[in-house]
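What follows is each chain in one-letter form.
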Amino acid sequence: MKRGSVNRDEFAKYLEQTLDINRFRDYCPNGLQVEGCNEIRSLVSGVTASLALLEAAAARQADAIIVHHGYFWRGEDARVIGPKYKRLKLLLTQDINLFGYHLPLDMHPEFGNNVQLANRLGLVADGRFGDDNIGWLGYAHDKQLQTVGDLAREVEARLARPPLLIGDPAQPLGRIGWCTGAAHSMLDNAIAAGASVYLSGEVSEPTVHLSRESGVAYLACGHHATERYGVQALGEHLAAQFGIQHSFIDIENPV
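Residues numbered from 1 in each chain as written. Predicted model: local features only at pLDDT ≥ 70, side-chain atom pairs only at ≥ 80, totals over all residues. Heavy atoms only, no water.

*Asks:* Lay out unusual backbone geometry with the relevant residues and their values.
*Replies:* Residues other than glycine seldom take positive phi values, yet D132 does so here, at roughly 60°. Looking at the secondary structure, you find D132 in the loop between β7 (123–129) and β8 (135–140). Classification of D132 as exposed rests on a relative accessible area of 51%. Phi at A160 takes a positive value of approximately 60°, unusual for a residue other than glycine. Take A160: its relative accessible area is 69%, and that puts it in the exposed class. (Helix = DSSP H or I, 4+ residues; strand = E, 2+ residues; numbered from the N terminus. Buried < 20%, exposed > 50% of the residue type's maximum accessible area, 1.4 Å probe, protein only.)

Spelled out as C-alpha cells, the structure:
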C-alpha cells in the first residue's frame with residue numbers, strides 16, 4: 001500500500017471485519033456496492049447515495065463514497081432506468097467506488113448511528129431492546145434535563161432542527177429509548193423496555209395514538225438528522241486508519 005492510499009479490496013475487507021457485516025440479515029447488500037478504481041486516496045461520506053452526493057463527490061475527485069443508505073434494496077425495481085441509471089452512470093464513468101452499510105452502521109458500538117446520536121445528545125446507554133437489540137435505552141447525562149420538553153429543546157439545539165413532540169412537554173424525563181432513522185414502529189418495544197420517552201427519526205399515524213394512549217412521549221427528530229453522525233465518524237476513523245483524505249458532505253434533507 002502506498003502512503004496515503006489503500007487498495008479497494010483491503011479497504012472492503014477491513015470494513016467487513018470492523019462492522020461485522022455478515023451477522024446481519026439486512027434489506028440491502030452491505031459492503032462494496034459499485035466497483036470503481038483499485039486505489040483509494042480520497043473518501044467522501046454521506047447519509048444517502050443520492051445524485052447530489054455523487055456529483056459533489058465527483059467534484060472533489062473522490063475515489064470512494066461511503067454511505068448509510070446505498071442501493072439494491074429488497075423489492076426495488078431491478079431495471080437500470082431513470083434516477084438509478086443516472087446514479088450508476090456517474091459512478092461508473094468516474095470510476096468511483098460506492099460502499100453502503102445499513103444495519104451494521106446502525107448498531108456498531110463505536111461508529112454506529114445510535115451511539116453517535118447518544119454522544120451528540122449527551123445520552124448514557126445502559127440497556128438495549130427490540131430485534132437484535134437495535135434499540136438503545138438509557139438516561140440523560142445532564143441532570144438539568146428534567147422534562148420531555150427539556151429533551152426536545154436539547155434535540156433542536158444539537159441537531160439544528162425542531163423535533164415533533166407527541167406528549168406533554170412538562171412530563172418528567174425518566175428513562176429514554178432511542179433508535180435512529182425510520183424506527184417509529186419500535187415504540188411498542190421501547191414501552192415494553194420501560195422507556196418513558198422514545199425518540200427516532202420518523203413518525204407514522206399510528207405512532208401518535210400509541211404514544212398518547214401509553215403515556216410514553218415520542219420525539220420525531222428527523223430520519224436524515226439522526227443518521228448524519230455514524231457515517232461521519234466511520235469516515236474519520238478510516239482516514240486515520242489508512243492515511244487517506246476524507247470529507248463528510250451533508251446533503252440537506254427535511255425528512
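*Asks:* If you had to explain the nonpolar core to someone new, which residues and values would you point to?
*Replies:* By size, the foremost hydrophobic cluster in this structure holds 23 residues, and its most contacted members are L123, L151, I176, W178, V197 and L199. Counting only elements with at least two residues in this core, the list comes to α5 (113–121), β8, α6 (148–159), β10 (176–178), β11 (197–200) and β12 (217–220). Sorting elements by how many residues they give to this core places α6 first, with 5 residues. Residues in contact with L151, not counting those within four places in the same chain, are L123, L173, I176, V197, L199 and L219. Of all hydrophobic cores here, the second largest spans 20 residues; its members include F99, A233, L234 and I244. (Core = buried A, V, L, I, M, F, W, Y, C linked by side-chain atoms within 4.5 Å. Contact = heavy atoms within 4.5 Å.)

*Asks:* Residues and numbers for the environment of R120, please.
*Replies:* In this structure, R120 sits in helix α5. Separated by 35 residues in the primary sequence, R120 and V155 place their C-alpha atoms 8.9 Å from one another. In this structure R120 touches R158, L159 and Y229, once residues within four positions along its chain are discounted.

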